[in-house]
Amino acid sequence: MSNYIVLVKQVPDVTQITDNAFDSETGTLIRTRLASVINELDAQALAFAHYMKKISGAQNGKIIALTMGPPMAEEVLRYALSRCADTVVLLTDKALGGADTVATANPLAFAIRKIIKDILKSGNDYYVVTGMQSVDGDTAQVPPQIADELDLPCIAYVTGAEFKDSRFEFTRIISGGSQVVTPKKLLAVITVAKYEYPLFATFAGARWANKTEVIQWGSADINAAHIGVKGSKTAVIRVFPPGKSTRKCRQISDTKSLARVLVDSFTSGNGESGLGTETQTYRYILPDKRADKFDRSFEGTKKEQQDYEILTNVLAELGITDISRVDDADRKKILSAVGGRFHKKTLEDMLNGFKLNEPAFKGEVWVVAEHSDGAVHPATFELIGKARELADSLQTKVGAAVAGYEIEPFAKELIAAGADNIYIIEDKLLSVFDPAAHRKAIADCVSTYWPQIVLYAATPQGRMLAPMVSYRVGCGLTADCTGLDIRDNSRNGLIGILLQTRPALGGNVMATIRTKNSKSQMATARPGVMKRLPPDSSRTGNIIRHKVQLSDDDISLEILKTELGTGEVNFGADVVVSGGKGMQSRDNYERLMGMLCDGLSGKLGTQVERGASRAAVEQGFIERVHQVGQTGTSIGPKIYIALGISGAIQHMIGVANTETIIAINSDPNAPIFKQCDYYIVGTVEDTIPQLVKALEIV
Ligand SMILES: Cc1cc2nc3c(=O)[nH]c(=O)nc-3n(C[C@H](O)[C@H](O)[C@H](O)COP(=O)(O)OP(=O)(O)OC[C@H]3O[C@@H](n4cnc5c(N)ncnc54)[C@H](O)[C@@H]3O)c2cc1C
């Protein structure tokens, strides 16, 4: 008999954002102006736990919902009670506020231990079930970190389950396909990526939910090791509105105009990609390498840069050239000259900042290389390009850590891509990706050599491995970065630190984050955002073999089936047309896609390749090898045409490097319209035949 501990979270409703939810001066989102709802994927996780209990046939298993949050988070527990939860626990305490993922996962894991001891009174058969990620944090880091703290297998991105031979078999999303796995132990942390069978509350259920006790625990009840701001390993240093999309987002009213736009975009081409590519900032230089020793233009925030500029000007006016000789009389003169812009303590910190030259972190800049089926993931090469830039700024080397079996041939490619040192952790037990075994291998290697920066690809594998490694070695981690820069925070004694910028709250705000209380700075970065360097086969590097003791006990999952894409596809084509779930059927996909691809290749005289969204692949419209996106292929054609595709982030990051994106969708509010260059509101059935005709005459 299994029990189910379901983690639920109350989040702002980012799907219903009105204009007055934004601060008119800063342009950032004011969270309190949004309604609070249960995180959608947690609602799906609750329904999934209910389904697991049903298919297991053991009706006496308990479902316990747990949340950490302010007192009002009780609402999501009542939601859980009214659907299927037997017992609910609210972990609430001011001391827990302001937590990052480490200081969230840690108290939640301690609360789970207390649930097992005090409520279930048995710890040998339970599952922790939760949504893959929350819409506010968007990191997907908390569940793997809980798994690491509790030493449980973690099965992420689950979309289905079956109960066979007294055990669960889970279907999960992996890069390029899907996999069926079962945990080797009975216990596991499951994160749900999609389960579209919601539970509804009955009238009696709602009444019962309102009457039932919500168990409340505070920080002292669980005695966790890392809580609140103090226990966090990252700090947000800036929140700002996202830059305007560089896409044109222009509506076209008729197919003739669209045909003209298509031909013009193809023949002229702007040579530029739109979204996604990291905004170019100027390259960091260490303080002692700068032409002017008073140059503090690499401070992390505009305010810090301006303060230093003012101080530098005042020092010049006062003729001060040697900071170590500034005395009390000079300090008085400086403070009166800056006119109250900063106070005595700040001045002291800033003057001390001038004396610093050494980076706050030491060691190489590393990339954890991802590979499958004998090939390195393209995102690894992009990260090495970025690591090269960061390492050159910091005057250190680029390392690439690879765990697997028969992986030495990758070293040549990684060196050609820009790496200097390749750390090879080779073991037969690492032949296929197992989160626990790979975590052990990489964590051991990191904590032996202590690089100052570790980058992972934000793929399903990287988003699972990175939180487990960082948690195990006690370092902060920032998820899904779209910008990575070296900057100083001189007044706090920090030189050459990694500033990690990422979208949050469903892309409605951007946050810049730095690592604290850690020996290494860690981040995952979205595929398709960083730039790969042209391979240079004349580069040389070193291979360092790192041995880790592994045994069968380190393998957490049994892989029962893997389904990956097969067949040939040329995503290097200048034009790619993708169909989504809006194509309605395989027949429609075949017919309309064939018609448009033929029309386009005839008119433009080029090869046109077929693509698809994940939903279209799952509907069986076309083979998986044609999937575009985060877990499909990232592409950068001249023209990308999306037919009946809504514009989910996981799809759009796969086409970020496209020159011109065109969308056809019947929903006038389709999110893709805000992420494309030209669009038509209309059904694919009506629009495509008209567009093909129009192409013949323009
Ligand atoms: C870990 C993870 C990885 C993922 N990786 C990927 C990935 O690599 N690639 C990917 O694509 N997705 C990926 N997804 C899934 C992604 O989140 C979306 O679910 C998916 O992209 C949706 O596909 P869609 O736009 O075709 O379907 P939907 O979101 O269902 O959209 C269908 C669209 O068709 C429109 N439509 C309906 N009928 C018509 C009509 N007759 N004519 C015109 N328009 C019509 C609708 O208005 C709607 O906008 C991933 C998800 C997760 C959790």
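As a reminder, the structure under discussion sits directly above these lines.
The rules behind these values
- Residues numbered from 1 in each chain as written.
- Predicted model: local features only at pLDDT ≥ 70, side-chain atom pairs only at ≥ 80, totals over all residues.
- Heavy atoms only, no water.
- Helix = DSSP H or I, 4+ residues; strand = E, 2+ residues; numbered from the N terminus.
- Rg over C-alpha atoms; globule rule 2.2 N^0.38 Å.
- Buried < 20%, exposed > 50% of the residue type's maximum accessible area, 1.4 Å probe, protein only.
- Contact = heavy atoms within 4.5 Å.
- Areas by Shrake-Rupley, 256 points an atom, 1.4 Å probe, with all protein chains shown as cover.
- Lys, Arg positive; Asp, Glu negative; His and termini not counted.
- Charge placed at Lys NZ, Arg CZ, Asp CG, Glu CD.
- Expected span 1.5 Å × (residues − 1).
- Polar contact = N/O pair within 3.5 Å; in protein donor to acceptor, adjacent residues only side chain to side chain.
- Pairing = 2+ DSSP bridges.
- Near = heavy atom within 4 Å.
- Nonpolar A, V, L, I, M, F, W, Y, C, P; charged D, E, K, R; others polar.
- Axes fitted to C-alpha atoms, helices over the stretch in contact; angles between N-to-C directions.
- Parallel < 35°, antiparallel > 145°, perpendicular 65-115°, else oblique.
- Left-handed = near helix turned anticlockwise from the far one by under 90°.
- Phe/Tyr/Trp six-rings, centres within 6.5 Å; stacked < 30°, edge-to-face > 60°.
- Lys NZ or Arg CZ within 6 Å of the ring centre and 35° of its normal.
- Salt bridge = Lys/Arg side-chain N within 4 Å of Asp/Glu carboxyl O.

Trainee: Even after reading the chapter, I still don't get the overall build of the chain, so can you show me in this structure?
Mentor: Counting secondary structure elements, the chain contains 19 helices and 31 strands. Relative to the globule expectation of 26 Å for 698 residues, the C-alpha radius of gyration of the chain, 27 Å, shows essentially globular dimensions. Summarising its shape, the C-alpha atoms of the chain cover approximately 80 × 75 × 55 Å along the three principal directions. Counting across all 698 residues of the chain, residues that qualify as buried make up 58%. When contacts within the chain are restricted to residue pairs at least 6 apart in sequence, those whose partners lie at least 24 apart make up 73%. Within the structure as shown, the chain displays about 29,600 Å² of accessible surface, and the carbon and sulfur contribution to it stands at 49%. Here the chain contributes 78 positively and 80 negatively charged side chains, and the mean placements of these two sets differ by 3 Å.

Trainee: What is the right way to read helix α15 (residues 462-473) from this model?
Mentor: If you check α15, its first and last C-alpha atoms are 16 Å apart, about what 12 residues at 1.5 Å a residue would give, namely 16 Å. Taken as a whole, α15 has its buried residues at G462, R463, M464, L465, A466, P467, M468, V469, S470, Y471 and V473. The first or second residue beyond α15 is G474, which carries a positive phi of 75°.

Trainee: How do you make sense of the side chain of R491 when you look at a structure like this?
Mentor: Relative to the helices and strands, R491 resides in the loop between β21 (483-489) and β22 (494-504). Looking at R491, its side chain comes within polar contact range of the side chain of D307, at 2.7 Å. Other than its neighbours up to four places away in sequence, R491 contacts E299, E304, D307, Y308, T346, D349 and M350.

Trainee: Explain the pairing of β22 to me, please; I cannot follow it from the model alone.
Mentor: Each regular strand displays side chains that alternate between the two surfaces of the sheet. Burial within β22 is extensive, with 11 of its 11 residues counted as buried. Bridge count between β21 and β22: six bridges; the pairing is antiparallel. Following the sheet pairing, D485 is matched in β22 by L499. Taken together, β21 and the strand that follows it, β22, pair antiparallel across an intervening segment of four residues, in which G493 is found at a positive phi of about 75°. Sheet analysis places β22 next to strand β23 (residues 509-515), joined by five bridges and oriented antiparallel. Paired with A504 across the two strands is V509, which belongs to β23.

Trainee: It is not clear to me how the site of the ligand should be interpreted in this structure. Could you clarify?
Mentor: In the vicinity of the ligand there are 30 residues, among which K581, S613, T631, S646 and N665 approach most closely. Q627 has a polar side-chain atom sitting 2.8 Å from an oxygen atom of the ligand. Separating an oxygen atom of the ligand from a side-chain N or O atom of N665 is a distance of 2.8 Å. Protein burial of the ligand: of its 990 Å² of free accessible surface, 81% is covered by the chains. Those elements that place two or more of their residues in the shell around the ligand are α17 (614-618), α18 (649-652) and α19 (684-697). Per-class residue counts for the shell around the ligand are nine nonpolar, 17 polar and four charged.

Trainee: Looking at this model, I keep getting lost on the packing of helix α4 (residues 142-150) against α15. Mind explaining?
Mentor: Two packed helices can be described by the angle between their axes and the distance between those axes. Two elements in contact, α4 and α15, have axes separated by 8 Å at closest approach and are oriented at 45°. The orientation of α4 relative to α15 falls into the category oblique. Considering only the axes of α4 and α15, their crossing is right-handed. Across the interface between the two elements, P144, Q145, D148 and E149 of α4 pack against R463, M464, P467, M468, S470, Y471 and R472 of α15.

Trainee: Before we go on, may I ask you to explain the sheet that holds strand β1 (residues 3-7) in this structure?
Mentor: Backbone-to-backbone hydrogen bonds join strands into a sheet, with any given pair of strands oriented parallel or antiparallel. Taken in spatial order, the 10 strands make up an open sheet running β11-β5-β4-β1-β6-β10-β7-β8-β9-β26, and their pairing is mixed. Lying at the two open borders of the sheet, with one neighbouring strand each, are β11 (215-217) and β26 (557-564). Here the strands of the sheet are splayed against their neighbours by 30° on average, with no regard to which way each runs. Pairing analysis gives five bridges linking β1 to strand β6 (residues 126-131), with the strands arranged parallel. Looking across to β6, one finds that Y4 is bridged to Y127.

Trainee: What should I look at first to understand the packing of aromatic side chains in this one?
Mentor: The relation between two aromatic rings is expressed through the spacing of the ring centres and the mutual angle of the planes. Inspection of every chain in the model, using the stated rule, returns 17 aromatic pairs. On the basis of an interplanar angle of 15° and a centroid distance of 6.2 Å, the ring pair of Y4 and Y127 is categorised as stacked. Placement of the pair is Y4 in strand β1 and Y127 in strand β6, with a sequence separation of 123 residues. The pair formed by Y4 and Y127 is uniform in burial state, with each residue classed as buried. With a centroid separation of 6.1 Å and 45° between ring planes, the pair formed by W366 and Y449 is classed as tilted. Here W366, found in strand β14 (residues 365-368), pairs with Y449, found in helix α14 (residues 435-449); they are 83 residues apart in sequence, far enough to count as distant. On the basis of relative accessible area, Y449 is assigned to the partly exposed category, the value being 34%. Following the ring pairs from residue to residue traces out a cluster consisting of Y4, Y127, F163, F168 and F170. If you follow K638 out to its NZ or CZ, it ends over the ring of F266, 4.7 Å from the centre.

Trainee: Before we go on, may I ask you to explain the environment of H226 in this structure?
Mentor: Looking at the element boundaries, H226 is found in the loop between α6 (219-222) and α7 (228-231). For the pair formed by H226 and A103, sequence separation is 123 residues and the distance between their alpha carbons is 5.1 Å. Setting aside its immediate chain neighbours within four residues, H226 contacts V102, A103, N106, P107, G231 and K233.

Trainee: I keep staring at the sheet that holds strand β25 (residues 542-545) and nothing clicks. Help me out?
Mentor: Spatial strand order, β20-β24-β19-β14-β17-β18-β25: seven strands in an open sheet with parallel pairing. The sheet terminates laterally at β20 (477-481) and β25, the two strands that pair on one side only. Neighbouring strand axes in the sheet, compared pairwise and without regard to direction, differ in orientation by 25° on average. Relative to the sheet, α14 contacts β14, β17 (398-404), β18 (421-426), β19 (453-457), β24 (521-525) and β25, its axis offset from that of β18 by approximately 140°.

Trainee: Can you help me understand the pattern of salt bridges in this one?
Mentor: Per the counting criterion, the structure on display carries 34 salt bridges. For D288, the salt bridge goes to K289, with nearest N and O atoms at 3.7 Å. With a relative accessible area of 43%, D288 lands in the partly exposed category. Close ionic contact of R539 with D420 constitutes a salt bridge, the shortest N to O distance being 2.9 Å. Separated by 119 residues along the polypeptide, R539 in the loop between β24 and β25 and D420 in the loop between α13 (410-416) and β18 bring together distant segments of the chain. Among the charged side chains, a salt-bridge network with shared partners connects K303, D307, R341 and R491.

Trainee: Explain helix α8 (residues 255-268) to me, please; I cannot follow it from the model alone.
Mentor: For an α-helix, 3.6 residues make a turn, and residues three or four places apart therefore share a direction. Across its 14 residues, α8 extends 20 Å between first and last C-alpha, which sits within 8% of the 20 Å expected from 1.5 Å per residue. Within α8, the full set of buried residues consists of T255, L258, A259, V261, L262, V263, S265 and F266. Packing partners of the buried residues in α8 comprise β27 (575-579), α16 (586-604), β29 (639-643), β30 (660-665), β31 (678-681) and α19. Backbone nitrogen of K256 and a side-chain oxygen of the N-cap are separated by 3.3 Å at the start of α8; the cap is D254.

Trainee: Could you clarify how one ought to interpret unusual backbone geometry in this entry?
Mentor: For D165, which is not glycine, the phi torsion reads 50° and is therefore positive. Looking at the element boundaries, D165 is found in the loop between β7 (154-164) and β8 (167-174). Accessibility expressed as a relative area gives 74% for D165, which makes it exposed. With a phi angle near 55°, Q395 is a residue other than glycine that sits in the positive phi range. Examined against the element boundaries, Q395 turns out to sit in the loop between α12 (378-394) and β17.

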